[in-house]
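Observations on the model geometry
Below are the chains, spelled out letter by letter.
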Amino acid sequence: MRITLRVILSIFVVISAIVLLFTFLQVEQEKERMTLDLERRASILGESLKESIEPLVAKGQTSSIQKIVNKFGNRERLAGVAIYDAKGHMAAASAQLPPHLKTPPALAANAMKTGLEEGNFLPLGEKEMYLHALPLYHEEKLAGAMVMVYETKQIKDRVAHIWENNFIRLLVSALFISLTTLLVIRWSMVHPIARMAEWMKTLRTEKGGVTLPPPSGKVFEPLAREATRMVKSISEARSAAEQEARLRRKAESLWTPVRLREHVRTLLQGRPLFVISNREPYVHERRGKKIECVVPASGLVTALEPILQSCGGTWLAHGSGDADREVVDEGDKIRVPPEDPQYLLKRVWLTKEEEEGYYYGFSNEGLWPLCHIAHTRPVFRAEDWNFYEAVNQKFAQATLAELENTQDPWILVQDYHFALFPRMIKEKRPDARVALFWHIPWPNPESFGICPWQREILHGMLGADLIGFHVQFHCNNFLETVDRALESRIDWENFTAERENHLTQVKPFPISIAAPQPSPAFRSLNGGLKKTLLRELGIRGQYLGVGVDRIDYTKGLRERFLAIERFLEKYPIYQGVFTFVELGAPSRTHIKEYRDLTALLESEAERINWRFQTKEWRPIVFLKRHHSHREIAPFYEAADLCLVTSLHDGMNLVAKEFIGAKWDESGVLILSQFTGAARELRDALVVNPYDTEQMAEAIRLALEMDPAEKRARMRRMREAVQEKNIYRWAGDLISSLSQIRLSSAPPLGISAPYSPSRPMILPGDG
Ligand code: ADQ
């Protein structure tokens, strides 16, 4: 209220000042106009009297002059006329004139002296009058002067009238403006602020975080955005604190983003940190005239962001967004996250040919099928390999430029796109601590051995101080491959490989997920979620199965569809009641195998649906597009079972995401034995995806399992996933890197230059 009063008072003062100023100017103008008018009247009257009076004054005929004066002296606003002879004696005057005019006033004397008319305002008695004097001549000789005296009351009345009118206007406009201001303040400030406060209170007190939309209104948009972020951080801090409290209660060591931050900060002690990955954590995309910043759904970003956000650093990645170039500085860098910049994202640009050869070619048509035993033949082309080498070199150059003027940097390299990168860095910067995490499986030495550049790849990787895989089995495969292909010393007790005086530690770091939050749909619909989802898909059903995958031949999607077909064939009572929803994200569609696979899956789903479907039900719903995590979560939450049937998979995060979303401990996970996850999630129904009968049985078992057993299995798996979360993965990786003793040997390439010659196999070598 005080603010409103202050605003209104200020408005009033300002309006008053303005009105006063304008009224003053108006009054001055009006006075000037009226004075001119008087002057004009006096002049006209003077001119008309002059002719008859001048000869009379010269001859001293005062009675005749008096007659004329009496005749004209009572005209409108004229108070009287006084006539003087040349000596200054009064010759005649109107009777009503005050006695002061017996002697000629100064302006009459002046007029006689100068021969010019003159007018002025003078006080006569108690009044102010306007006097106008003009000289009189007879036969070109000065004969006297005539003074016309005018009342000034009209001018005064007019001025008073103007002041009065403007004062009333001032009052009325001040009243209206104050009222309007009051209403505007109430409508656009007081009410929205009250609603905003109420909204913030709800956010503050609600445990689940930001669920309510902010009050509408453009004025408060920035405030609402900031408040939403603040509430998000508060709710994260709250959940971290709750987790910490739980941790203390259970005497367990649960990893949280806060703990990870503190842990890494202690280990780094201010040393610079770098992350290298193909995929960038923020992609700028053009949407019409606007540029949007998109965070790709990636476990990697979730794991590494808390570290970079707390310790700062630089993330180098391929700039793949169509608006990426528009937002970076001259060094191709941008500070991220956009809303609260904490670290640098440096974008490395690739030509179309480089992307084609390095990413689609060697990485995804060569290394990807080579490392996954999924019976898709790898394609090795020399030109792809050249691009792979060149792009690794490009990233290494970009990183080395960033490393200038730094000491003891820590570098976290991600995935199979950068096998050659670690050595390229170490050769130039032996003080760098380099870890390489390989997100996909490592096959046995025989399988890997078909790669024409296996020695170069292994040699490049062994430039790292630490190499991580998801599971021990892949570590063993890697060390065996090194043992067979390269001159090196393997220590099977400590899992290290030594080559050219450089030691590389090889360790498993099972990747995982962050702590998820229940979806708003789950919170509001709870038991009704499954029905709602099915209804939205136009299906009447009772049971829901879900699969979430990039459409990739390693994910065993065809095998999954065949198992569903077999299940329905074998157990017809589930026809019309069980529906499987596959959320399949198109991936690497540039590669023919992937396009063919999508077409095959579509036709398989159609064939199976055709075989069983009814008017209101279908067994398979194949939703072929990228879904946001917000869209995926309700399917996980509502599903009776999740099918993860990879033919080979480093870890498989979908299995863990499904478990993470099972707040009510319902549901069953059917999990391929060929995933890394199967080694941790012992309570899943572990299957061989090539065994259609077994998978069909697993589906039946999942649907018919005793609820108590389901809950017990899910509870145990949830505990495992909560404990071994993504923060622990990152924490363990950084801890292991900190424990490495860097060899004091000279830079790798200098002591023993490596010649990447491939052994020539001669006929008869066997
Ligand atoms: P991916 O082969 O991509 O990862 P996965 O671990 O299952 O496989 O992760 C897939 C991610 O993509 C999940 O977060 C999932 O939610 C998301 N996703 C899947 N389908 C989607 C859809 N339709 N729309 C949107 N998002 C979808 C590689 C290795 C894995 C390893 C991970 C992490 O192949 O073995 O677990 O890296 O290291």
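Quick look at the structure, then.

**Let's talk about helix α10 (residues 382-403)**
For α10, which comprises 22 residues, the first-to-last C-alpha distance of 31 Å matches the rise-based estimate of 32 Å (1.5 Å per residue) to within 8%. The complete set of buried residues in α10 reads Asp384, Trp385, Tyr388, Val391, Asn392, Phe395, Ala396, Ala398, Thr399, Leu400, Glu402 and Leu403.

**Details of the packing of aromatic side chains**
Scanning the entire structure with this criterion turns up 31 aromatic pairs. When the centroid spacing of 6.0 Å and the interplanar angle of 75° are considered together, the rings of Trp442 and Phe469 count as edge-to-face. Placement of the pair is Trp442 in the loop between β13 (433-437) and α12 (445-448) and Phe469 in strand β14 (residues 466-469), with a sequence separation of 27 residues. Looking at Phe469, the relative accessible area reads 0%, which means it is buried. Members of the aromatic cluster, connected to one another through ring pairs, are Tyr358, Tyr359, Tyr360, Phe362, Phe380, Trp385, Tyr388, Phe395, Phe418, Phe421 and Trp453. Cation over ring: Arg588 sits above Trp368, and NZ or CZ is 4.2 Å from the ring centre.

**With respect to the site of the ligand**
Taken together, 23 residues surround the ligand, and among them His439, His627, Asp649, Leu653 and Glu657 come closest. One of the side-chain N or O atoms of Arg550 is found 2.9 Å from an oxygen atom in the ligand. Taking Leu653, its main chain carries an N or O atom lying 2.8 Å from an oxygen atom of the ligand. In isolation the ligand has 710 Å² of accessible area, and contact with the protein removes 90% of it. For the shell around the ligand, the elements supplying multiple residues, two or more each, are β18 (543-550), β19 (578-585), α19 (629-638) and α20 (653-660). Residues belonging to the shell around the ligand are distributed by class as follows: 9 nonpolar, 8 polar and 6 charged.

**What about the sheet that holds strand β6 (residues 273-277)?**
Across the sheet, 10 strands lie side by side as β10-β11-β9-β6-β12-β13-β14-β17-β16-β15; this open sheet has mixed pairing. Each edge of the sheet is formed by a strand with only one pairing partner; in this case those strands are β10 (333-336) and β15 (489-491). The average angle at which neighbouring strand axes cross in this sheet is 20°, direction not considered. The sheet contact formed by strand β9 (residues 314-318) and strand β11 (residues 343-348) spans 5 bridges and is parallel. Paired with His318 across the strands is Val348, a residue of β11. The sheet contacts of helix α11 (residues 421-428) involve β6, β12 (410-414), β13 and β17 (502-508), and relative to β13 the element is tilted by about 180°.

**What about helix α22 (residues 707-723)?**
Over its 17 residues, α22 extends 24 Å from the first C-alpha to the last, a length consistent with the 24 Å expected when each residue adds 1.5 Å. Within α22, burial applies to Lys710, Arg713, Met714, Met717, Arg718 and Val721. Looking straight down α22, one finds its buried side chains confined to an arc of 135°; they lie on one side. Those residues of α22 hidden inside the fold are in contact with α20, β22 (668-672), β23 (685-687) and α21 (692-704).

The rules behind each value
Residues numbered from 1 in each chain as written. Predicted model: local features only at pLDDT ≥ 70, side-chain atom pairs only at ≥ 80, totals over all residues. Heavy atoms only, no water. Helix = DSSP H or I, 4+ residues; strand = E, 2+ residues; numbered from the N terminus. Expected span 1.5 Å × (residues − 1). Buried < 20%, exposed > 50% of the residue type's maximum accessible area, 1.4 Å probe, protein only. Phe/Tyr/Trp six-rings, centres within 6.5 Å; stacked < 30°, edge-to-face > 60°. Lys NZ or Arg CZ within 6 Å of the ring centre and 35° of its normal. Near = heavy atom within 4 Å. Polar contact = N/O pair within 3.5 Å; in protein donor to acceptor, adjacent residues only side chain to side chain. Areas by Shrake-Rupley, 256 points an atom, 1.4 Å probe, with all protein chains shown as cover. Nonpolar A, V, L, I, M, F, W, Y, C, P; charged D, E, K, R; others polar. Pairing = 2+ DSSP bridges. Axes fitted to C-alpha atoms, helices over the stretch in contact; angles between N-to-C directions. Contact = heavy atoms within 4.5 Å. Arc of directions from axis to C-beta.

Interpretation note: all reported values are geometric properties and have no functional meaning in isolation.
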